[in-house]
Structures are given as structure tokens and as C-alpha cells.
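# Notes for the structure review
As a plain string of letters, each chain reads:
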2 protein chains.
Amino acid sequence: MERIIDILFLLYFGSHIPIALFFDFQAVLPGWMFPKLFVDTVDWYAEEFGDAMMKAKPAWFKSFCTCELFLQFPFFFVALYAYWKGISKCRWIRLPIIVYSTHVVTSLIPILFHIFLHDFTLESYKGPRTFTERLQLSGFYFPYFIVPLVLLLDALFHPVYVNGGSESTRTVKHKPKGRKHH
Amino acid sequence: MERIIDILFLLYFGSHIPIALFFDFQAVLPGWMFPKLFVDTVDWYAEEFGDAMMKAKPAWFKSFCTCELFLQFPFFFVALYAYWKGISKCRWIRLPIIVYSTHVVTSLIPILFHIFLHDFTLESYKGPRTFTERLQLSGFYFPYFIVPLVLLLDALFHPVYVNGGSESTRTVKHKPKGRKHH
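Bear in mind that the values here come from a model prediction, so they are computed numbers and not experimental data. (Residues numbered from 1 in each chain as written. Chains lettered and ligands numbered in written order. Predicted model: local features only at pLDDT ≥ 70, side-chain atom pairs only at ≥ 80, totals over all residues. Heavy atoms only, no water.)

## A look at the overall build of chain A
Here is the rule: Only DSSP runs of H or I reaching four residues or more are called helices, and only runs of E reaching two or more are called strands; each is numbered from the N terminus. Relative accessible area decides the class of each residue, using a 1.4 Å probe on protein chains only: under 20% of the type maximum gives buried, over 50% gives exposed, and in between gives partly exposed. When checking whether two residues touch, look at their non-hydrogen atoms; a contact exists if any pair is within 4.5 Å.
Per the secondary structure count, chain A includes nine helices and zero strands. Going from N to C terminus, chain A has its helices and strands arranged as α-α-α-α-α-α-α-α-α. Among the 182 residues that make up chain A, the fraction classed as buried is 48%. Here the contacts in chain A between residues at least 6 apart in sequence split such that 70% fall between residues at least 24 apart.

Printed below as a string of C-alpha cells:
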């Protein structure tokens, strides 16, 4: 880790692993695969905050959870490694991060549109009705929109990548002088 | 244009402009903005092939059409320019194409999941019921999954980008010898 913002990225990827494993994957994997405590937690959350998507599991929503299982999840470990080592040592992470973050930002757009604009009154499961309820529910998803957006902008524009082979001055500053390169 | 595959990319972006303008945008813009002929065509297509998404316009589907209007559409012209000039002269197109194509591939995943897995029997509009009908409807969307996927793989792995400053041998082969660089 070599930048303050890497703390955010490490927290994001690190927390995403248990959240995906115990909660998100319930949308695509059979219930018996999860401890009862986590199944009950999702039921409580869906009821309390009106997340009809996690209950009704419409095909379009399930498609994102499927991608999370097969594409995102293995990548979490790669990203954790890269941001832990520092991007100046892992410049190869740039393109995977651009693909990953664009994918996640894109998948959050229909979810946020759905939360704010869908008419939940005809749904079999409780959904948000007032604007405040919609805002509250969106709060659970919003971090998965905003952090990937920051990841994307960082990967597109950070000097470590943009200046090609040479390390950015910001990175060099953190290095002890005279340290040998391997 | 300097590669055979650029014909595919130029056809893709070139055809996408009128298709977006006359058909796709009907999902997000008011009907009076479109000539009656095109409104009727969409109505006929939606009825004939059971595209309930273009009729019911669920929020999640509309979100992609909104992105098409504000993000994709302006980019079509940029991409046309780059692939017309040739990627060896427009290496700056690489990252925009990676973002664009990841965005579009991602947005097609829920659409294809919806077509193949959604239960349309409870919908207000006619949807596909048999597997053949689902396959037929998916045929209209599939090009917008597969071409962006090829665009993505090309942008990630083509030697013109991967070999950095130097042009790939494949590209050089097409150039007449002794041609001056500007």
C-alpha cells in the first residue's frame, strides 16, 4: 500500500469478499449452502428496507449476482494483492481494474434506476414506496457505484499509469532513498 | 482503416447511429420526437417478436437506453473516426474502447438473462414463451453483446497496443514500403 486512497480500495475489496460470500450469492445459489443466520439476515434486511430484488430475484438482477460469483469474486483477491503491494509495483492491474470497475458501475446503474423509478406497488414483495425509503435502500448499493467509479477514474488518470514506465513523484516520495530495486 | 476487422467495427458503429436515433431512443424519449414510420416499426417489431422490454420499458432497461443516449451515442462518432483512421494512428482509442465495450457487454448480460429466463406470462405485453421465440428475440440483441466483446478483446490484446510505441508486424505489412510518416 502506498497511497491513502489504497486504504479505501483495500477496505472495499476486503469487505466485498465476506459480503458476497454470505449475502449477495444467496441470490444465485441454493439456500442450504448458507448458514441459517445469514439467510435470516438477508430476509430481515429485505423486509426491513424493502429490497424486493433480493426476494423476487428478477432475471436481470440475478445476472449481476452471477457475474459477481464467476467474474468479480476471483478478481477481489487479485485486486487486494495489487493494491496491497502498491500500484507502482503492479501496473498490470490498470486494465483489469478498468474492466472490473466499468462492469460494476454499469451494473449499478439499472439497480439504482430500479430503486428510484420502479413501481413496487404491484410486486409480490415489499419494496420502497416513498422517496426516503428509496433513498435509504439505495444507500446499501451506492458504495458499489461510487467506489468502482473512483477506482475507474484512478486507473484512467493516475500519474503512475499515465506517465508510463516512470514512477510518479507522489509515489517516489514515499520510498526510502537508496532502496534497491529487484 | 487498416485491418479487416475494422470493417466489422465501422459497420457496428456506423449502423448503431441510425438504429439508436430512430429506434432505441424511443424507450427514453417522448413518442412525438420520432417519425410515425419508426414508432410503428418499433410497435410492429415488439409485437411480432415479443420484445416486452421495448413496450413495458422497465426502469432497469430504460437505464441502459439512457446511457446509450448520453454516453454511447456521442462516442459512436469518436470510435468511427478512430477505426477509420486506423488504430495504429489512434492508439488513444484503447482505453475509451475498453470502457465502452465493457459497459455495453455488461448491459447486454441482464437483457439476455431476461430474454431467456424471465417469465413473460404475467407481463402486460407479449413476450417470448418458447425457447425458439426467446432465441429469435435474443438475435436482435446478440450482435450488441458479441461485437463489443470482440472490441474489448481487440483493445486488450492487439499487438498495436500491447507493443507500446512500436507498430505491430501485422500492421506494418499492410503499409507500402517507404511511405512517409507524418
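## A word on the UniProt feature "domain: EXPERA" (unreviewed entry) in chain A
Our working rule: UniProt positions are given in the numbering used here, feature names are shortened, and annotations may be inferred rather than shown by experiment.
UniProt feature "domain: EXPERA" (unreviewed entry): in the numbering of this structure it lies at residues 5-152 of chain A. A distance of 13 Å separates the end C-alpha atoms of residues 5-152 of chain A, which is 74% helix and 0% strand.

## A closer look at the interface of chain B and chain A
Convention followed: Buried area: the accessible surface (1.4 Å probe) lost by two parts on joining, summed over both. Any carboxyl oxygen of Asp or Glu that lies within 4 Å of a side-chain nitrogen of Lys or Arg is treated as forming a salt bridge with it. Counted as a polar contact is a pair of N or O atoms within 3.5 Å, where, for protein atoms, one must be capable of donating a hydrogen and the other of accepting one, and residues adjacent in sequence contribute only when both atoms are in side chains. Three categories are distinguished: nonpolar for Ala, Val, Leu, Ile, Met, Phe, Trp, Tyr, Cys and Pro, charged for Asp, Glu, Lys and Arg, and polar for the others, with Gly belonging to the last.
Between chain B and chain A, the residue contacts involve 23 residues of the former and 23 residues of the latter. Between chain B and chain A, roughly 1800 Å² of surface is buried when both sides are summed, and carbon and sulfur atoms account for 85% of that area. Between chain B and chain A we count zero salt bridges in total. Joining chain B to chain A, the criterion identifies two residue pairs in polar contact (both at pLDDT 80 or more). Breaking the side of chain B that touches chain A down by element, the ones donating at least two residues are α4 (59-85), α5 (94-117) and α7 (143-157) of chain B. The leading source of residues in the side of chain B that touches chain A is α5(B), at 13 residues. When its residues are assigned to classes, the side of chain B that touches chain A shows 13 nonpolar, eight polar and two charged.

## What to know about the environment of L137(A)
Residue and element names in this part refer to chain A. When you line up the elements, L137 lands in helix α6 (residues 131-141). It is 9.4 Å that separates the C-alpha atoms of L137 and A46, two residues lying 91 residues apart in sequence. The contacts of L137, once residues within four sequence positions are left out, are Y45, F49, G50, D51, I115 and P128.

## With respect to helix α2 (residues 36-49) of chain A
All names here are of chain A. To keep it simple, the criterion reads: A helix is expected to span 1.5 Å multiplied by its residue count minus one. Directions drawn from the helix axis to the C-beta atoms are what define this arc.
In this model α2 runs 20 Å from its N-terminal to its C-terminal C-alpha over 14 residues, within 8% of the 20 Å that 1.5 Å per residue would give. Those residues of α2 lying buried are F38, V42, Y45, A46 and F49. End-on view of α2: buried residues confined to an arc of 95 degrees, all on one side of the axis. In α2, the exposed positions angled more than 90 degrees off the buried face are occupied by K36, L37 and W44. The elements touched by buried residues of α2 are α1 (4-22), α3 (52-56) and α6.

## Overview of the relation of the copies chain B and chain A
Applicable threshold: We place the copies in one frame by least squares, fitting the C-alpha atoms of every residue whose pLDDT is at least 70 in both.
Overlay of chain B on chain A (RMSD 0.0 Å): rotation 180 degrees, translation along the axis 0.0 Å. Viewed as a symmetry operation, the transformation between the two copies matches a two-fold axis. Comparing interface residues between copies, 100% of those in chain B also sit at the interface in chain A, which points to an isologous, same-surface contact.

## As for the packing of helix α4 (residues 59-85) of chain A against helix α5 (residues 94-117) of chain A
In a packed pair of helices, the relevant descriptors are the angle between the two axes and the axis-to-axis distance. Residues and elements named next belong to chain A. Heads up, the condition is: Here an axis means a line fitted to C-alpha atoms, over the contact stretch when the element is a helix, while the angle between two N-to-C directions is reported on a 0 to 180 degree scale. Left-handed describes a crossing whose near helix is turned anticlockwise from the far helix by less than a right angle; the clockwise case is right-handed.
Packing of α4 against α5 leaves a shortest axis separation of 10 Å and a crossing angle of 145 degrees. The interaxial crossing formed by α4 with α5 has left-handed handedness. Mapping the contact onto sequence places W60, F61, F64, C67, Q72, F75, F76, A79 and Y83 in α4 and P96, I97, Y100, H103, V104, S107, P110, I111 and H114 in α5. Tallied by class, the residues present in the contact of α4 with α5 amount to 14 nonpolar, four polar and no charged.

## Focus on unusual backbone geometry
The phi torsion at K57(A) lies on the positive side, around 45 degrees, for a residue other than glycine. Examined against the element boundaries, K57(A) turns out to sit in the loop between α3 and α4.

## Side note on a nonpolar patch on the surface
All names here are of chain A. Which entries qualify depends on this criterion: Exposure above 30% relative accessible area and no salt bridge define the residues that can form patches, which grow by joining like charges within 9 Å and nonpolar side chains of Val, Leu, Ile, Met, Phe, Trp and Tyr within 5 Å. Residue-level accessible areas treat just the shown protein chains as cover; the underlying method is Shrake-Rupley with a 1.4 Å probe.
There is a patch of nonpolar side chains on the surface, built from M1, I4, I7, L11 and W84 and spanning about 590 Å² of accessible area. Broken down by element, the nonpolar patch gets its largest block of residues, three residues, from α1. Tracing the backbone through its elements, the reader meets L11 in helix α1. The exposed category is assigned to L11, whose relative accessible area is 56%.

## A word on the confidence of the model for chain A
Residues and elements named next belong to chain A. Quick note on the threshold: Values of pLDDT, the confidence the predictor places in each residue, fall between 0 and 100.
For chain A, the average pLDDT comes to 91, and 90% of its residues sit at 70 or higher. The model gives residues 166-180 a pLDDT under 50, and that stretch makes 17 contacts with residues more than four places away or in other chains. For this predicted complex, the interface score ipTM comes out at 0.89, while the overall pTM is 0.90.

## Quick look at the pattern of salt bridges
Residues and elements named next belong to chain A. The tally for this structure, following the rule as stated, stands at eight salt bridges over all chains. Put simply, D6 and R3 hold a salt bridge, and the shortest N to O gap is 2.8 Å. For the pair formed by D6 and R3, the shared burial category is buried. A salt bridge links D43 to K55; the nearest nitrogen and oxygen atoms lie 2.9 Å apart. Separated by twelve residues along the polypeptide, D43 in helix α2 and K55 in helix α3 bring together distant segments of the chain. Owing to a relative accessible area of 34%, D43 belongs among the partly exposed residues under this scheme. Among the charged side chains, a salt-bridge network with shared partners connects R3, D6 and D154.

## Section: the environment of Y144(B)
Residues and elements named next belong to chain B. With respect to the element layout, Y144 can be found in helix α7. Classification of Y144 as buried rests on a relative accessible area of 17%. Here the alpha-carbon distance between Y144 and L95, two residues 49 residues apart in the chain, equals 19 Å. Once residues lying within four places of it in the same chain are set aside, the contact partners of Y144 are Y12, H16, I19, V104 and L108.

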